[in-house]
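Understanding the architecture of this molecule
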Amino acid sequence: MKNLRRSIVLACGLALTGMADSLPQKTSAAGVAVAVHLKAQPFSLRDVRLLNGPFKQGQDIAVKYLLSLEPDRLLANFRKEAGLQPKAPHYGGWESQTISGHSLGHYLSACALAYASTGDDELLRRANYIVDELAECQRAHGDGYVAAIPGGKKAYAEIAAGNIRSAAFDLNGIWVPNYTMHKLFAGLRDAYRLCGNEKALEVSKKLADWFEKTFSGLNDEQMQRVLACEHGGMNEVLADLYADTGDDRYLKLSRRFHHKAILDPLARGQDILPGKHANTQIPKLIGLATRYELAGDIDDRAAAEFFWDRVVHHHSYVTGGHCDAEHFGPPDRLNDRLSPATTETCNVYNMLKLTRHVFCWTGSADVADFYERALLNHIRATQHPDGRVIYNLSLQPGHHKEYQTFTDSFTCCVGTSMENHVKYGEGIYYHDADSLWVNLFIPSELKWKTRGIVLRLESQWPDGDTAMLVVTADAPQQFTLRIRHPFWADILRVKVNGTLVSDSTSPSSYCVIRRQWQTGDRVEVSFPMTLRTEPMPDNPRRIAVFYGPALLAADLGPVDDPAARKPGYVPVLLTEARQVTDWLKPVAQKNRAFRTQGVGRPRDVELVPFHSLHDRRYTVYMDCYTSAEWAKREAEIRAEEEQLRQLEARTVDVFRPGEMQPERDHNVQGEKSDPIEALGRKLRHAYDGGWFSFEMKVDPAKPNELLCTWWGSETGRRTFDILVDGTKIATQTLLNNRPGKFWDAVYPIPPELTRGKDRIVVKLQAHPGNFAGGLFGCRTLVAEQSGNQ
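So, here's what we can say about the structure. Keep in mind the model is a prediction, meaning the values are calculated, not measured.

**Section: the overall build of the protein**
The secondary structure content of the protein amounts to 22 helices and 35 strands. Its C-alpha radius of gyration of 28 Å places the protein within 12% of the 28 Å reference for a compact globule of 789 residues. Across its three principal axes, the protein shows a C-alpha extent of roughly 95 × 70 × 45 Å. Residue burial in the protein is summarised as follows: out of 789 residues, 60% are buried. In the protein, of all internal contacts separated by at least 6 residues, the share reaching a separation of at least 24 is 71%.

**Examining helix α18 (residues 412-420)**
Taken across its nine residues, α18 has nine buried, putting it largely inside the fold. Taken residue by residue, α18 has C412, C413, V414, G415, T416, S417, M418, E419 and N420 as its buried positions. Here the buried face of α18 lies against α2 (54-68), α5 (102-118), α8 (177-195), α16 (345-362) and α17 (365-379).

**Section: the sheet that holds strand β7 (residues 435-438)**
As summarised here, the arrangement of the five strands in space is β1-β6-β7-β11-β14, forming an open sheet in which the pairing is mixed. Every interior strand has two partners, whereas the edge strands, β1 (41-42) and β14 (509-517), have only one. Where β7 meets strand β11 (residues 477-485), four bridges bridge the pair, whose relative direction is parallel. Bridge pairing in β11 links S435 to T480. Where α17 meets the sheet, its contacts fall on β11 and β14, and the angle it forms with β11 comes to roughly 60 degrees.

**Topic: the nonpolar core**
F307, L354, Y429, I483 and F527 are the most contacted members of the largest nonpolar core, which totals 101 residues. For this core, the leading source of residues is α17, giving nine residues. Excluding anything up to four places from it in sequence, Y429 contacts P42, F43, V48, L436, W437, V438, S444, E445, L446, L455 and L457. Of all hydrophobic cores here, the second largest spans 87 residues; its members include A110, L227, C229 and V422.

**Quick look at the side chain of N704**
Within the secondary structure layout, N704 lies in strand β29 (residues 704-711). A relative accessible area of 2% places N704 in the buried class. One polar contact links the side chain of N704 to the main-chain carbonyl oxygen of K702, over a distance of 2.6 Å. Contacts of N704, omitting those with residues within four sequence positions, involve V652, V698, D699, P748, I749, T754, L781 and A783.

**Focus: the pattern of salt bridges**
Taken as a whole and assessed by the stated rule, the structure comprises 51 salt bridges. A salt bridge links K56 to D60, with the shortest nitrogen-to-oxygen separation between them at 3.0 Å. Of this pair, K56 and D60 are both found in helix α2, four residues apart, which corresponds to roughly one turn of the helix. Overall, the relative accessible area of 40% leaves D60 in the partly exposed class. The salt bridge involving R373 is made with E534; its shortest N-O contact spans 3.1 Å.

**Considerations on the sheet that holds β29**
An order of β26-β35-β29-β32 is seen for the four strands of this open sheet, with the pairing classed as antiparallel. Bordering the open sheet on either side are β26 (651-655) and β32 (742-749), each of which pairs with just one other strand. Between one strand axis and the next, the sheet turns through 20 degrees on average, direction left out of account. Inspection of the sheet shows β29 paired to strand β35 (residues 777-782) by six bridges, in the antiparallel sense. Counted as the bridge partner of L706 is T780 from β35. Running at roughly 75 degrees to β35, helix α20 (residues 627-650) makes contact with β26, β29 and β35 of the sheet.

**Description of the environment of Q138**
Mapped onto the elements of the fold, Q138 is located in helix α6 (residues 121-141). Overall, Q138 belongs to the buried group, its relative accessible area being 5%. Those residues in contact with Q138 that lie beyond four places of it in its chain are D143, G144, Y145, V146, V203, K206 and L207. At 3.1 Å, the side chain of Q138 forms a polar contact with the backbone oxygen of V203.

**Some remarks on the packing of aromatic side chains**
The full count for this structure, using the stated rule, is 33 aromatic pairs. Measuring from ring centre to ring centre gives 4.6 Å for F359 and Y430, while their planes differ by 50 degrees; the resulting arrangement is tilted. With a gap of 71 residues between them, F359 in helix α16 and Y430 in strand β6 (residues 429-431) connect regions that are remote in the sequence. By relative accessible area, F359 is classed as buried at 2%. The class of Y430 is buried, set by a relative accessible area of 2%. One aromatic cluster is present, built from ring pairs that chain together Y145, Y156, F185, W210, F211, F215 and F257.

**Describing the packing of α2 against α5**
Here α2 crosses α5 at 135 degrees, and the two axes come no closer than 11 Å. By the angle class used here, α2 and α5 are oblique. In the packing of α2 onto α5, the handedness of the crossing is left-handed. Counted together, Q59, V63 and L66 of α2 and Y107, A110, C111, A114, S117 and T118 of α5 form the full contact between these two elements. Across the contact of α2 with α5, the residue classes break down as six nonpolar, three polar and no charged.

**With respect to unusual backbone geometry**
Cis geometry marks the peptide bond from W461 to P462; its omega dihedral reads 10 degrees. Mapped onto the elements of the fold, P462 is located in the loop between β9 (453-459) and β10 (466-473). In this model, G773 is joined to G774 through a cis peptide bond whose omega is 10 degrees. Here G774 shows up in strand β34 (residues 772-775). At N172, a residue that is not glycine, the phi angle is positive and equals roughly 50 degrees. In the Ramachandran plot, A325 falls in the positive-phi region, its phi being about 55 degrees despite a non-glycine side chain. Note that A325 resides in the loop between α15 (298-314) and α16.

**A word on the packing of α15 against α17**
A pair of packed helices can be characterised by two numbers: the angle between their axes and the separation between those axes. Their axes nearest at 12 Å, the elements α15 and α17 cross at an angle of 55 degrees. Considering their axes alone, α15 and α17 lie oblique with respect to each other. Where α15 crosses over α17, the handedness of that crossing is left-handed. Side by side, α15 and α17 meet where W308, V312 and H313 of the first sit next to D366, V367 and F370 of the second. Split by residue class, the contact of α15 with α17 holds four nonpolar, one polar and one charged.

Rules and cut-offs
- Residues numbered from 1 in each chain as written.
- Predicted model: local features only at pLDDT ≥ 70, side-chain atom pairs only at ≥ 80, totals over all residues.
- Heavy atoms only, no water.
- Helix = DSSP H or I, 4+ residues; strand = E, 2+ residues; numbered from the N terminus.
- Rg over C-alpha atoms; globule rule 2.2 N^0.38 Å.
- Buried < 20%, exposed > 50% of the residue type's maximum accessible area, 1.4 Å probe, protein only.
- Contact = heavy atoms within 4.5 Å.
- Pairing = 2+ DSSP bridges.
- Axes fitted to C-alpha atoms, helices over the stretch in contact; angles between N-to-C directions.
- Core = buried A, V, L, I, M, F, W, Y, C linked by side-chain atoms within 4.5 Å.
- Polar contact = N/O pair within 3.5 Å; in protein donor to acceptor, adjacent residues only side chain to side chain.
- Salt bridge = Lys/Arg side-chain N within 4 Å of Asp/Glu carboxyl O.
- Phe/Tyr/Trp six-rings, centres within 6.5 Å; stacked < 30°, edge-to-face > 60°.
- Parallel < 35°, antiparallel > 145°, perpendicular 65-115°, else oblique.
- Left-handed = near helix turned anticlockwise from the far one by under 90°.
- Nonpolar A, V, L, I, M, F, W, Y, C, P; charged D, E, K, R; others polar.

This is the structure:
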């Protein structure tokens, strides 16, 4: 029985996927029967091995990063909260805040996923060590609780007593504690399912029992108040625990984590997403998808399927990502929502999990098409060759990719990215008892153990346009091979042992081959790639360019390009409505690189695959102009350049906040103030009523002005005073002043504050409980009327 449970073998002899969002198949080892028919079932990561190519390279980079991290540092706050001595100092970033522990959950999942994907015993050792440490911490608590959340146990005790103080991201003074606990449950689940660690299941059960007791005294209204705070996919992991144990208490507890305000309207087919925080919602729908498969409630499927359709077909950009500043906007209205804060990586991580569920229900090529788009053009695009990853993948024209640090960020997207790049094998193959689906052309080898089949897929995808499938079989046997015809390929040609068997399938469908298969059978697949464009849903003249599956980005120059802030930096296109192949041509001796031919204004540009572009400024969306429109825009650029020239002529001093030498040169001082980076630029702000000051040169004989650069989409409490040598000259509130844009505010400085001086001290003083700034730039100017005298 122990070996049966360790491998999660099904009664019918099929292994559970063992992946992070394992999909139930027929009957689990705990005797839980799947309640619905699945058209397709995923393979375990243990059955798929990547072959050489960009995805294998990405996996290797990710494993190297995982092995560079120290488990004891991720465990430090678990031991501290359990009254045990930490073995190492905790990491910084989010791990130093009340969301501490979320990274350990992701890391445990990532080690388990990477072990399943590679067989590397060091990853198994680390997963087992972490589980042992968590079990020790749980024993020290003595009641089933285990967490790294500072003050978490006290907050949960208040909640259990009915004292619930809930906001979108705060529950009783703790930053999203149930979200953090979801990550821990998921890590334990994956250690059990993928590493066969029985202790992980026991820790999960004790923790779930503690949760059951903690929430047992709350009525439904109180529970809904708890769920108003982001809680990840607690409904998912508790349903998974039911599948792994057969204890229906955990299924009931999963149903208690049903957020009615969001999930019930979605089940009725109402798009209530605009304005909602995007990644707060997706895990709830993954939970419904999981529960639907275990319990068969059709409303759970209806909500999950409707949500998937709305996000994929009405809220997503060409990368497959969605959201701006972490929130959904109006459906099919994306043109004015391009910023450095578009397309959070966590969202795509979760959408791919949900997509796997939807594919198993439907077997739809359209679903597989989305999976490919998002995996290649977002997930693959967010890993730097050195291993750093991206929180928000910027789609702002002229911007660049911004990477998280290795060991002092530990944001949510660092956590999900630990997993993203070690589970590429998840979406390549699916099966039922008689069919094998090939959904992606990632070089890989599959072991279909129950049929005694090994399928080796050799390709250069996404660069190449052919693939070879080679069969090895224990014995000749009949089954159906279903090869996806991608939506972007006009033609799919398939040969078996040199004989053409299909060239007439339609894009976004499957080539279906049923025959007797035996060792040595070779299936040649060609999917010729072409250039194409995709428009914005609400602006047909703003386009993205693809070559086959790959989104192309216009390479505009280095990140530190001084021209990047000048008007007209991002070229536009004068294509006169011609086909893309007429004005975009391959660059000789450069793989998958293209260059515009005489249609770029003010310059032609080179376009390259977005997924492999790093440390460069770019745009993936380009605007199409007529000649008359360009003439008008050209005049506007000249006017903007003249305005900048005049500004430079009036400038006395320039301060660039957040940069080391300029801050030293301007003698920056402050309390509760930090230099940070956001939106691709450095800034400084003060928080919680703090302040910062800096010195600026002035003209002692003329009236002066202070020009400050702010971000126009600031939210929250940001009211502060601006003082010059201790005298208040203005009070500023930053609250969506110029949405989506940087903007300049000019503040006249009373002449008596500068007369006879060559420099002043500028101070930004936050009001109590407020931020001051962020300040992205500052100038002192000779007042315009003075400069004209």
